[in-house]
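Below, each chain spelled out in residue letters.
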Amino acid sequence: MDWWQAIVLGIVQGLTEFLPVSSSGHLAIGREVLGVEAAGDVTFEVAVHAATVLATIVVFRRQIWRLLCGLFKFRYNDETDYLLKIAVSMIPVFIVGVFFKDYVEQLFGSLPVVGIALLVTALLLFLSDRGRARIPAPAGCPETLPDKADCPETLPDTAPVRHRNGISYLQALVIGLSQAIAVIPGLSRSGTTISTGLLCGVRREDVAQFSFLMVLVPVLGEAFLDVVGGDLASSSVGALPLLLGFVSAFVSGLLACKVMLALVRRARMKWFALYCAIVGLAVLGFVLWCIIALG
């Protein structure tokens, strides 16, 4: 991997991490377009994911600090409740990381898998919008005009909050299951978790923040294990491309995070669904063309 390829892929990661369009899928597509060999090496993906996680920490630094301060009060409060629900959400991805890591790594670089997973992402995003449309409108808000000025909030955000911090332990576990499945490249982690949360009845603003914060520990943990396990040193990607990819992913992610978060909270998922469907079909079309051409 050349230094300029690392920068381009880092920017792709930073820009796509916070939209429900699959950063891992776009990295796989970017590799193919730039002619970068995956060679079974996911260290670069871990590095750029860690960079965008660091950008997330910077953006959510106040919320994270408040959670930590609440935790060290050593009593059950809103902060410990939220952190415990994040811990519950991490159980499925921990199981996948321990028992199925090698199998998942084999999927990276497989364009057919990326194309199919992008179509699944599109379907999930579409269903989450349809699910929102079936939620009854609150009093004083006409069902036929849910997004008009006289009813500015989206329907899930006006629904009564039934659980502490806007999410239950069961909802946290279900969202965690969707995150574990979303380790498949092309299946958007943010798109899958946010769509799952919306379909479970969690408000958009609640599930958006939960989705971005729940990934911090698993990704940083994977990066740490790569370092202590020697995978970083044995990587086929050089130190300079890794560093440049990390920096470009962090800078682009830091600049894009607030804008992306606002879009995820407010925008209709159908446009992201349409984008994922188009890209997924294009990827599968390219794979089919290659098969015909080589055959």
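Structure: see above.
Residues numbered from 1 in each chain as written. Predicted model: local features only at pLDDT ≥ 70, side-chain atom pairs only at ≥ 80, totals over all residues. Heavy atoms only, no water.

Lay out the overall build of the protein in plain terms, naming residues and giving numbers.
Assigned secondary structure in the protein consists of 14 helices and zero strands. Listing each helix as α and each strand as β along the protein from the N terminus yields α-α-α-α-α-α-α-α-α-α-α-α-α-α. Out of the 295 residues in the protein, the part that is buried amounts to 48%. Across the protein, the fraction of contacts at a sequence separation of at least 24, relative to all contacts at a separation of at least 6, is 80%. (Helix = DSSP H or I, 4+ residues; strand = E, 2+ residues; numbered from the N terminus. Buried < 20%, exposed > 50% of the residue type's maximum accessible area, 1.4 Å probe, protein only. Contact = heavy atoms within 4.5 Å.)

Would you mind going over the layout of surface pockets in detail, with residue names and values included?
Its boundaries defined by the atoms lining it, the largest pocket holds a volume of some 900 Å³. Only helix H2 (23-34), helix H3 (43-59), helix H5 (78-99), helix H6 (101-107), helix H10 (189-199) and helix H12 (216-228) provide two or more residues apiece to the lining of the largest pocket. Broken down by class, the residue content of the lining of the largest pocket amounts to 19 nonpolar, ten polar and six charged. (1 Å grid on protein atoms, 1.4 Å probe; cavity = no way out; pocket = protein on both sides within 12 Å on 5 of 7 lines; lining within 4 Å. Points joined across faces, edges and corners; volume = space filled by probe spheres on them. Nonpolar A, V, L, I, M, F, W, Y, C, P; charged D, E, K, R; others polar.)

Outline the packing of aromatic side chains, listing residues and values.
Tallied over the full model, the rule gives four aromatic pairs. Where Phe60 meets Phe212, the ring centres are 6.4 Å apart and the plane angle is 35°; that geometry is what we call tilted. Of this pair, Phe60 sits in the loop between H3 and helix H4 (61-71) while Phe212 sits in helix H11 (residues 204-213), and the two are 152 residues apart along the sequence. Assigned by exposure class, Phe60 and Phe212 land together as buried. (Phe/Tyr/Trp six-rings, centres within 6.5 Å; stacked < 30°, edge-to-face > 60°.)

Let's hear about unusual backbone geometry: which residues, and what values?
At Ser22, a residue that is not glycine, the phi angle is positive and equals roughly 75°. With respect to the helices, strands and loops of the structure, Ser22 is situated in the loop between helix H1 (3-16) and H2. Here Ser22 falls in the buried class, since its relative accessible area comes to 1%. Positive phi is not limited to glycine here, since Phe74 has a value of about 55°. As for its position among the elements, Phe74 is in the loop between H4 and H5. You can call Phe74 exposed: its relative accessible area is 69%.

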